[in-house]
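Examination of the molecular architecture
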Amino acid sequence: MAMSIGSSSDEDEVVSTINTTPLVDVMLVLLIIFLITIPVVTQTIAMNLPKETNIARQTKPENIEVSVNKDGDVFWNGQPLVDNEDLFLRLKKVAVLNPQPEIHIRGDEKTRYESIGRVVFACQRAAIAKISFVTEPPPKG
């Protein structure tokens, strides 16, 4: 850096250079932020996620339909059940059949997850091998 001492003609000159120091400081801060955050975003655990499948439901007479309405009431092939223990006892009876029937769970869209979870837990306790969730296909249009 040079310093001029002396003549008054130097004071009348306009400095026409751009001070790039603040620009460089901002760019370095952005560079550091990107270098820190990009590895966090790109590092993931390698896994194969399940693919979405739309399988047409095969209605077999041995399949059992368990429905849960928005109030959490459970129905066995359209007949109301008293409580979860009643569901468990019925599931235990069908779990020993060969071939084991599939359980199709139908839940109202306003049903709490807790109510569906109780049905899935009862199926797990009764050693049911195959559980399916029945949904409405999306409207075409």
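Scroll up a little and you will see the structure.
For clarity, every value in this text was computed on a predicted model and none was experimentally measured. (Residues numbered from 1 in each chain as written. Predicted model: local features only at pLDDT ≥ 70, side-chain atom pairs only at ≥ 80, totals over all residues. Heavy atoms only, no water.)

**Some thoughts on the nonpolar core**
Taken as a class, soluble globular proteins show a tendency for nonpolar side chains to be buried jointly. Formed by 19 residues in total, the largest nonpolar core has its most connected members in V66, W76, L87, L91, I103, V119 and I128. Elements represented by at least two residues in this core include exactly β1 (64-68), β2 (74-76), α2 (84-95), β4 (103-107) and α3 (113-125). It is α2 that provides the largest number of residues to this core, a total of five residues. Contacts of V119, omitting those with residues within four sequence positions, involve V66, V68, V74, L87 and I105. (Core = buried A, V, L, I, M, F, W, Y, C linked by side-chain atoms within 4.5 Å. Buried < 20%, exposed > 50% of the residue type's maximum accessible area, 1.4 Å probe, protein only. Helix = DSSP H or I, 4+ residues; strand = E, 2+ residues; numbered from the N terminus. Contact = heavy atoms within 4.5 Å.)

**Here's the deal with α2**
Over its twelve residues, α2 runs 16 Å from end to end, which matches the ideal 16 Å to within 8%, given 1.5 Å per residue. Among the residues of α2, those classed as buried are L87, F88, L91, V94 and A95. Around the axis of α2, the buried residues are gathered within 130° of arc, so they sit on the same side. Tucked into the core, α2 has its buried residues touching β1, β2, β4 and α3. (Expected span 1.5 Å × (residues − 1). Arc of directions from axis to C-beta.)

**Focus: a nonpolar patch on the surface**
Together, L23, V26, M27, V29, L30, I33, F34 and I38 give the surface a local cluster of nonpolar side chains, amounting to about 750 Å² of exposed area. By secondary structure assignment, the location of F34 is in helix α1 (residues 21-42). For F34, a relative accessible area of 48% corresponds to the partly exposed category. (Patch = residues over 30% accessible without salt bridge, like charges linked within 9 Å, V, L, I, M, F, W, Y side chains within 5 Å. Areas by Shrake-Rupley, 256 points an atom, 1.4 Å probe, with all protein chains shown as cover. Salt bridge = Lys/Arg side-chain N within 4 Å of Asp/Glu carboxyl O.)

**Quick look at unusual backbone geometry**
In most cases, non-glycine residues show a negative phi, while peptide bonds are predominantly trans. Here N98 and P99 are connected by a cis peptide whose omega angle stands at 0°. Mapped onto the elements of the fold, P99 is located in the loop between α2 and β4. Phi at N77 is positive, roughly 50°, even though this residue is not glycine. Locating N77 in the fold gives a position in the loop between β2 and β3 (79-80). With a phi angle near 65°, A127 is a residue other than glycine that sits in the positive phi range. Tracing the chain through its elements places A127 in the loop between α3 and β5 (131-134). Under the relative-accessibility criterion, A127 is labelled exposed at 53%.

**Considering the pattern of salt bridges**
Per the counting criterion, the structure on display carries five salt bridges. Notably, a salt bridge pairs K130 with E102, separated by 3.9 Å at the nearest N-O pair. Of this pair, K130 sits in the loop between α3 and β5 while E102 sits in the loop between α2 and β4, and the two are 28 residues apart along the sequence. On the basis of relative accessible area, K130 is assigned to the partly exposed category, the value being 45%. The class for E102 is buried, based on a relative accessible area of 18%. Between E114 and R118 there is a salt bridge, with the nearest N and O atoms lying 2.6 Å from each other.

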